[in-house]
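So the chains spell out like this:
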Protein chains: 2
Amino acid sequence: MVSTKGRYALRVMLDLAQHGGFTENINGPLPIERGSFIPLDEIADRQGISKKYLEIILKVLVQHNLLKGLRGKGGGYKLTRTPENYTIGEILTLTEGSLSIVSCLQETDGTCRKKSDCLTFPMWKKFDQMTHDFFFGITLADLIHGRFRQAECSEDR
Amino acid sequence: MVSTKGRYALRVMLDLAQHGGFTENINGPLPIERGSFIPLDEIADRQGISKKYLEIILKVLVQHNLLKGLRGKGGGYKLTRTPENYTIGEILTLTEGSLSIVSCLQETDGTCRKKSDCLTFPMWKKFDQMTHDFFFGITLADLIHGRFRQAECSEDR
DNA sequence: ATATAAACCTAGTTCATCAATAGGAAATCT
DNA sequence: AGATTTCCTATTGATGAACTAGGTTTATAT
């Protein structure tokens, strides 16, 4: 199950996409300007989430360059790309560690040597594939505009 | 993520489907015959799983009539239906409690009142739907015969 | 310079859940 | 009676989730 880490990260990214500026536009990276950075206090307030906890979560996003953090007065966080260039899968994978539903699919865990004759393995594999395609097929921009890229996504039911 | 509970339950059900008899055939329920029950000792040995732990897991499956348990000498467990009449979704839902990937989708948890203006909710909802369709579209018989019912399931990659 | 505001860093805390174990009670056979 | 089996209650140890606390560094505003 997706924990608060992944869900909070998504909410922060969406918040930044809606309330902040970006470092990059169609013509490439823009110079970083102070003032376009949003302090975490503000986001935490708006989203009703503990600031201290968010710090931990945003750390990994900064380290992987999904966000730029700037210290000091006037500092804060901003996106490094435009919203259509972030997939949900990327954000969730970083914050959750993995999107895999069973441990035997984890890259780090090659311990299950029953794979070859395991009746359930192909099912997990297939589901894993579906999950990957689904979340890497949706961008921040899609969520903001209330649409998904997945063709087979109908709205009803 | 699916825990050992769900995965072990699946393995036991598959084990019973392959090594045991059923209580029901095309013409409906058969009389219960002692001897067609498989003792848990045997299954635990075959699967290499702690018997005591399996007892806990099988309890809920018996309570919901997916399995019949019979005490005493010559007793054990057996399926109450034929393998094509069990879906993986049913087994996982019972043993895992839920298949939902985020807590706000849980029936029991109606606490998230931001649903209406939550940008991520439709995505979780859609994924939940996909997950449900996937696992409720596969039966024990499908796994045994190495096929899925899902039309869009190709073998490659 | 100094105060202020911000990200960054290291650690600890509390609580629940996972994955089992342990020991017996009840049922059913030979 | 004795063996074998499920069924039932309780306990444990480890792990991770979801924070919380307190400080350090970096940068700006006055």
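Each remark here, short or long, concerns the structure printed above.
Note that this is a predicted model, so its numbers are computed, not measured.

A. Just the packing of helix 1 (residues 4–19) of chain A against helix 2 (residues 40–47) of chain A, in detail. Residues and elements named next belong to chain A. In contact at an axis separation of 10 Å, helix 1 and helix 2 are set at 110° when each is read in the N-to-C sense. By the angle class used here, helix 1 and helix 2 are roughly perpendicular. Remark: the crossing between helix 1 and helix 2 carries right-handed chirality. Each of Arg 11, Val 12 and Asp 15 in helix 1 lies in contact with helix 2, whose residues at this interface are Ile 43, Arg 46 and Gln 47. For the contact of helix 1 with helix 2, a count of residues per class yields 2 nonpolar, 1 polar and 3 charged.

B. Structural view of the relation of the copies chain A and chain B. Its rotation angle being 180°, the transformation that places chain A on chain B also includes 0.0 Å of axial translation and leaves an RMSD of 0.1 Å. With respect to symmetry, the two chain copies, as superposed, fit the operation of a two-fold axis. Relative to the rotation axis, the closest C-alpha in chain A is found at A:Met1, a distance of 2.7 Å. Same-surface contact between copies: 100% of interface residues of chain A are shared with the interface of chain B.

C. Region of interest: the protein's contact with DNA strand C. In the vicinity of DNA strand C lie 25 residues, with A:Pro39, A:Leu40, A:Gly69, B:Ser3 and B:Gly72 positioned nearest. Every element with two or more residues in the surface near DNA strand C is listed here: helix 2, helix 3 (51–63), strand 3 (67–70) and strand 4 (76–79) of chain A together with helix 1 (4–19) and helix 3 (51–63) of chain B. Considering each element in turn, the surface near DNA strand C owes the most residues, 3 residues, to helix 3 of chain B. Classifying every residue of the surface near DNA strand C by side-chain character gives 7 nonpolar, 9 polar and 9 charged.

D. Examining the pairing of strand 3 (residues 67–70) of chain B more closely. Residues and elements named next belong to chain B. In this sheet, strand 4 (residues 76–79) lies alongside strand 3 in antiparallel orientation, the contact comprising 4 bridges. Residue pairing across strands places Leu 67 opposite Leu 79, the latter belonging to strand 4. Counting the residues in the hairpin turn of strand 3 and strand 4 gives 5 residues, including Gly 72, whose phi is positive at 85°.

E. Up close: unusual backbone geometry. The phi dihedral of A:Asn65 is positive, around 65°, even though this residue is not glycine. Along the polypeptide, A:Asn65 turns up in the loop between helix 3 and strand 3.

F. A look at the protein's contact with DNA strand D. Around DNA strand D, the structure places 26 residues, and the nearest of them are A:Ser3, A:Gly72, B:Pro39, B:Leu40 and B:Gly69. Secondary structure elements with two or more residues in the surface near DNA strand D: helix 1 and helix 3 of chain A together with helix 2 (40–47), helix 3, strand 3 and strand 4 of chain B. When the residues that make up the surface near DNA strand D are grouped by side-chain class, the tally is 7 nonpolar, 9 polar and 10 charged.

G. Molecular detail of the interface of chain A and chain B. Of the residues lining the interface, 24 residues belong to chain A; the matching set on chain B comes to 24 residues. Elements with a minimum of two residues in the side of chain A that touches chain B: helix 1, helix 5 (121–135) and helix 6 (140–144) of chain A. Its residues placed into classes, the side of chain A that touches chain B shows 18 nonpolar, 3 polar and 3 charged.

H. Molecular detail of helix 3 of chain A. Residue and element names in this part refer to chain A. Spanning 13 residues, helix 3 covers 18 Å between terminal C-alpha atoms, matching the ideal 18 Å at 1.5 Å per step. Ile 57 marks where helix 3 bends most, by close to 30°. Regarding helix 3, the residues found buried are Leu 54, Leu 58 and Leu 61. Buried-residue contacts for helix 3 involve helix 1, helix 2, strand 3, strand 4 and helix 4 (88–96). Asn 65 lies just past helix 3 and shows a positive phi near 65°.

I. Just the packing of helix 1 of chain A against helix 4 of chain A, in detail. Residue and element names in this part refer to chain A. Where helix 1 meets helix 4, the axes come as close as 8 Å, and the angle between the chain directions of the two elements is 135°. Classified by the angle their axes make, helix 1 and helix 4 are oblique. As helix 1 runs across helix 4, the sense of the crossing is right-handed. Residues Lys 5, Gly 6, Ala 9, Leu 10 and Met 13 of helix 1 pack against Ile 88, Ile 91, Leu 92, Thr 95 and Glu 96 of helix 4.

J. Just the environment of A:Ile88, in detail. Residue and element names in this part refer to chain A. Mapping Ile 88 onto the fold places it in helix 4. Under the C-beta neighbour-count criterion, Ile 88 is labelled buried, with 24 such atoms within 10 Å. Note: C-alpha distance between Ile 88 and Met 13 (75 residues apart in sequence) is 9.9 Å.

Quick notes on the rules
- Residues numbered from 1 in each chain as written.
- Chains lettered and ligands numbered in written order.
- Predicted model: local features only at pLDDT ≥ 70, side-chain atom pairs only at ≥ 80, totals over all residues.
- Axes fitted to C-alpha atoms, helices over the stretch in contact; angles between N-to-C directions.
- Helix = DSSP H or I, 4+ residues; strand = E, 2+ residues; numbered from the N terminus.
- Parallel < 35°, antiparallel > 145°, perpendicular 65-115°, else oblique.
- Left-handed = near helix turned anticlockwise from the far one by under 90°.
- Contact = placed C-beta atoms within 7 Å.
- Nonpolar A, V, L, I, M, F, W, Y, C, P; charged D, E, K, R; others polar.
- Least-squares fit on C-alpha atoms with pLDDT ≥ 70 in both.
- Near = placed C-beta within 6 Å.
- Pairing = 2+ DSSP bridges.
- Expected span 1.5 Å × (residues − 1).
- Bend = angle between axes of the 7 residues up to and from the residue.
- Buried ≥ 20, exposed ≤ 12 C-beta atoms within 10 Å, placed from the backbone.

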